[in-house]
Amino acid sequence: QVQLVESGGGLVQAGGSLTLSCAASGRTFSTTTMAWFRQASGKEREFVGFISWSTTWSTYTYYADFVKGRFTISRDNAKNTMYLQMNSLKPEDTAVYYCAASKYDGTYSSGSYETWGQGTQVTVSS
């Protein structure tokens, strides 16, 4: 019983920045990993990055190659919130961004995530 709500999307010019938030509620204690995915119009959903969620482990992150050095995922477990800081945005970053929660450790497979948010639109103009 976990609910996720994304926010922070919008329109930004190429080279600009946006920070997305994913607020979790419900029984989040069972969550091991939280991740960001994105889906461009007419395209398949793709993995962006994940962050470990358990407070008993050290925080670690993993990113898809196309965002390394530009995007940063962080967490605030006390607030049950995950963030995606996006810098140097490119038009190809335009997509609906989704947050997801998984009981599994360090997975980048969308099928391993049990709970999904509704998504937030990010549009990058050239």
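Structure's up top.
Residues numbered from 1 in each chain as written. Predicted model: local features only at pLDDT ≥ 70, side-chain atom pairs only at ≥ 80, totals over all residues. Heavy atoms only, no water.

Asks: Which residues make up the packing of aromatic side chains, and what values do they have?
Replies: Under the definition given, this model contains ten aromatic pairs. Judged by centre distance (6.3 Å) and plane angle (65°), the ring pair of Tyr-113 and Trp-116 falls under edge-to-face. Assessed through its relative accessible area of 5%, Tyr-113 is described here as buried. Trp-116 gets classed as partly exposed once you look at its relative accessible area, which sits at 24%. Members of the aromatic cluster, joined through ring pairs, are Phe-37, Phe-47, Phe-50, Tyr-60, Tyr-62, Tyr-108, Tyr-113 and Trp-116. Sitting over the ring of Trp-116, Arg-45 keeps its end group 4.2 Å from the ring centre. (Phe/Tyr/Trp six-rings, centres within 6.5 Å; stacked < 30°, edge-to-face > 60°. Buried < 20%, exposed > 50% of the residue type's maximum accessible area, 1.4 Å probe, protein only. Lys NZ or Arg CZ within 6 Å of the ring centre and 35° of its normal.)

Asks: Explain the state of the cysteines to me, and be specific about the residues and the numbers.
Replies: A full pass over the atoms with the stated rule returns one disulfide. Two residues, Cys-22 and Cys-99, share a disulfide whose sulfurs are 2.1 Å apart. For the disulfide bridge between Cys-22 and Cys-99, the dihedral angle about the S-S bond is near 65°, and by the sign convention the bridge is right-handed. Remark: Cys-99 occurs in strand β9 (residues 95-102) and Cys-22 occurs in strand β3 (residues 18-26); sequence separation between them is 77 residues. Here the two residues Cys-22 and Cys-99 agree in accessibility, since each one is buried. (Disulfide = S-S within 2.5 Å. Helix = DSSP H or I, 4+ residues; strand = E, 2+ residues; numbered from the N terminus.)

Asks: Before we move on, can you summarise the nonpolar core with the specific residues and values?
Replies: Ranked by size, the top nonpolar core spans 26 residues in total, and within it Met-34, Trp-36, Met-82, Met-86 and Tyr-97 carry the most contacts. Other than its neighbours up to four places away in sequence, Tyr-97 contacts Glu-6, Leu-20, Trp-36, Phe-37, Arg-38, Val-48, Phe-71, Leu-84, Met-86, Gly-119, Thr-120 and Val-122. Grouped together as the second largest cluster of nonpolar side chains are seven residues, Ala-35, Phe-37, Phe-50 and Ala-64 included. (Core = buried A, V, L, I, M, F, W, Y, C linked by side-chain atoms within 4.5 Å. Contact = heavy atoms within 4.5 Å.)

Asks: Could you give me a rundown of the pairing of strand β1 (residues 2-7), with the residues and numbers involved?
Replies: Because side chains alternate across β1, one face comprises the buried residues Val-2, Leu-4 and Glu-6, and the other comprises Gln-3, Val-5 and Ser-7, none of which is buried. Where β1 lies against β3, six bridges are found, and the strand directions are antiparallel. Across the sheet, the residue bridging to Ser-7 is Ser-21, located in β3. (Pairing = 2+ DSSP bridges.)

Asks: Requested: an account of the sheet that holds strand β8 (residues 81-86), with residues and values cited.
Replies: Within a sheet, neighbouring strands are paired by backbone hydrogen bonds and run either parallel or antiparallel to one another. With antiparallel pairing, four strands are arranged side by side in an open sheet as β1-β3-β8-β7. At either end of the open sheet lies a strand with only one pairing partner, and these are β1 and β7 (71-76). Across this sheet, the average inter-strand angle for adjacent strands is 15°, counted without regard to direction. (Axes fitted to C-alpha atoms, helices over the stretch in contact; angles between N-to-C directions.)

Asks: Can you lay out the side chain of Asp-93 for me, pointing to particular residues and giving the numbers?
Replies: Here Asp-93 shows up in the loop between β8 and β9. On the basis of relative accessible area, Asp-93 is assigned to the buried category, the value being 1%. There is a polar contact of 2.8 Å between the side chain of Asp-93 and the backbone nitrogen of Lys-90. Excluding anything up to four places from it in sequence, Asp-93 contacts Arg-38, Arg-70, Phe-71, Ser-88, Val-122 and Val-124. (Polar contact = N/O pair within 3.5 Å; in protein donor to acceptor, adjacent residues only side chain to side chain.)

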